[in-house]
Each structure stands twice: as C-alpha cells, then as structure tokens.
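Here is how the chains run, residue by residue.
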Amino acid sequence: MGSVSEELSLVPLHQRPELLEACAKLLGEEWGKSRASRLHTLQRSSDAFPACLLLLRSRGPAEAPAARESPCQLVGHVRLSRVAGRPRDLFVESVVVARALRGQGYGRQLMEATERWARARGFRCLHLTTHDKQHFYAHLGFVLGEPVQSVAFLSPAIPAEVLRLFSAPPGAATPPPTRPRLPSAPSPPLPPPTAPPPPPPPTVVWARGVLAESSGQSLLETPHRDAKGLPIFWMKKDI
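These figures come from a predicted structure and were not determined experimentally.

Novice: Now, about a positive patch on the surface: what can you tell me, with residues and values included?
Specialist: Residues Arg88, Arg116, Arg119 and Arg124 make up a contiguous surface patch of positive charge. By secondary structure assignment, the location of Arg116 is in helix H3 (residues 106–120). Taking the relative accessible area as the measure of exposure, Arg116 reaches 47% and is therefore partly exposed.

Right under this line is the structure:
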C-alpha cells in the first residue's frame, strides 16, 4: 500500500484546523451539500464528541522534492459520535477516502486506526450503517446489528436524565421511579406451565465468501430502511 517512505497518522480535526477547508472539500466531493454547511459541522469537532478524525499521509525523504512541498496529505475522514444509553459505544459515520487514493488499502487503514483511537480512550464497541459497503465492513470484523441512537451534540439543553446515560458505568441500570402500591384483587390461578418449543437453530449465512452472524438477516438483504426508504445495514464490532 503506497510508498514505503510514507507515514500514516490519525489526528482529530480540531487539532489541525488548517485542514478544515481540505476536509470540507473531501466530504463535499463524496456527498455534495453546501460548503458552509460542511464547515459548520466540521468546526464542531471536539474531544467531547462528535470528533472528526483525519487520516494523514506524511511523505518521507524518498519522495520527489516537488512532493515534499506539502508536509502531509489528507487521505481520509471519519466522524465519531456517542451512543445514547451506551457509555462505551461510538457511532461511526462519514467514512471516506480521497478518490485518487482508493483501492490501495487506505480504507482498511482508516478503520483500523479509528478502532485503536477509540479503544485507547476506553470505548469497546463501534456501530455504523451502510447502504452498499457491508461486505467491506464484514471483512474488517463487523457483524450485523440492530439500530442504535447516536447523539451528535451534547449540550446543556439536553435533559439531565439523558446526560446521566453517558456517565453511568457500564452495566449500571437506571432505577425505575417508585410508585405507590395499590391493593389489587387476587389473581386467578395460572394454568400449569407448558414446556416451550425448542429454539430454532442459529442462522449462518455465507455471502460472497463472508460469514455473517445473523438472526434472519444476511449481507444480501436487510429489514431496515433509512429516512428515504432505502435499504440500510446496521453493523457493529466489539473492539
């Protein structure tokens, strides 16, 4: 992948503000949207999330002098947001590699670097959605999952009950509100329990050489739809 003299690094955009315009252009080439809107979203990157991460390629001495005029090249971008009710989970979105650099393994490098970045900060699971890249993510270890709720921006306007979901330790459950107990009539006797039917065997689906863990789903079809009604795959990975 690439030149042996190159060095890749993953850095938050808010630590490299001089790359803001280049990042907005990269995203705009892939998904359109106005430059002003892109800049507004990117400028909100922070350590408190959402965090926009950039994969940068630094050129070594083996490169031609003309190539060394710029100290680094923007290779790719990914954005991470918190997941409601799951303090150790992150939602991955806006994954993109510069068009001129695709097909050289940088997509895998971007995702692997993102996993290391998240794991080093105590996170343990990544979630994402995709319309047509489910096989790529499956090769990286992602499996089909269920929808989760991402929280793009935490602000003082968010109720305290929601904020507590992010500060609660893993496994801690919010106690239900106490209610006064009211006397009730005795319940009629229940019929004797019957043995439940045996569970169906687990479904294992092979799709284009990729093993997909599934409960009625596969990498070829999905029951989920996005806001426009298009099929969308929800995927997750423990890191």
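Novice: Now, about unusual backbone geometry: what can you tell me, with residues and values included?
Specialist: Along the chain, Phe49 connects to Pro50 via a cis peptide bond; the corresponding omega equals 0°. Looking at the element boundaries, Pro50 is found in the loop between helix H2 (35–42) and strand S2 (51–58). Although it is not a glycine, Phe49 adopts a positive phi angle of roughly 75°. Structurally, Phe49 can be placed in the loop between H2 and S2. One non-glycine residue, Ser94, lies in the positive phi region at around 55°. One can find Ser94 in strand S4 (residues 86–97). With a relative accessible area of 24%, Ser94 lands in the partly exposed category.

Novice: Outline the pattern of salt bridges, supporting the account with residue identities and numerical values.
Specialist: A side chain of one charge can pair with a side chain of the opposite charge if their charged atoms are brought near each other. According to the stated counting rule, one finds ten salt bridges in the structure shown. The shortest N-O distance in the salt bridge between Glu30 and Arg102 comes to 2.6 Å. Of the two residues, Glu30 is situated in helix H1 (residues 20–31) and Arg102 in the loop between S4 and H3; the sequence distance between them amounts to 72 residues. The exposure class assigned to Arg102 is partly exposed, which follows from its relative accessible area of 38%. Here Lys133 makes a salt bridge to Asp132, at a shortest N to O gap of 3.1 Å. The exposure class of Lys133 is partly exposed, given its relative accessible area of 43%.

Novice: If you had to explain the nonpolar core to someone new, which residues and values would you point to?
Specialist: Residues Leu13, Leu42, Leu54, Leu80, Phe142 and Met235 are the most contacted members of the largest nonpolar core, which totals 47 residues. In this view, Met235 contacts Leu126, His127, Leu128, Thr130, Gln134, Tyr137, Ala138, Phe142, Val143, Leu144, Gly145 and Leu219; residues no more than four positions away in its chain are not counted. Membership of the second largest hydrophobic core comes to five residues, among which are Val83, Phe91, Val148 and Trp234.

Novice: So what's going on with the packing of H1 against H2? Which residues, and what values?
Specialist: Two elements in contact, H1 and H2, have axes separated by 9 Å at closest approach and are oriented at 125°. With respect to their mutual orientation, H1 and H2 come out oblique. For the pair H1 and H2, the sense of crossing is right-handed. Residue-level contacts link Leu20, Glu21, Cys23, Ala24, Leu27, Gly28 and Trp31 of H1 to Arg35, Arg38, Leu39 and Leu42 of H2. Taken together, the residues of the contact of H1 with H2 break down into seven nonpolar, one polar and three charged.

What counts, and at which threshold
Residues numbered from 1 in each chain as written. Predicted model: local features only at pLDDT ≥ 70, side-chain atom pairs only at ≥ 80, totals over all residues. Heavy atoms only, no water. Patch = residues over 30% accessible without salt bridge, like charges linked within 9 Å, V, L, I, M, F, W, Y side chains within 5 Å. Areas by Shrake-Rupley, 256 points an atom, 1.4 Å probe, with all protein chains shown as cover. Salt bridge = Lys/Arg side-chain N within 4 Å of Asp/Glu carboxyl O. Lys, Arg positive; Asp, Glu negative; His and termini not counted. Charge placed at Lys NZ, Arg CZ, Asp CG, Glu CD. Helix = DSSP H or I, 4+ residues; strand = E, 2+ residues; numbered from the N terminus. Buried < 20%, exposed > 50% of the residue type's maximum accessible area, 1.4 Å probe, protein only. Core = buried A, V, L, I, M, F, W, Y, C linked by side-chain atoms within 4.5 Å. Contact = heavy atoms within 4.5 Å. Axes fitted to C-alpha atoms, helices over the stretch in contact; angles between N-to-C directions. Parallel < 35°, antiparallel > 145°, perpendicular 65-115°, else oblique. Left-handed = near helix turned anticlockwise from the far one by under 90°. Nonpolar A, V, L, I, M, F, W, Y, C, P; charged D, E, K, R; others polar.

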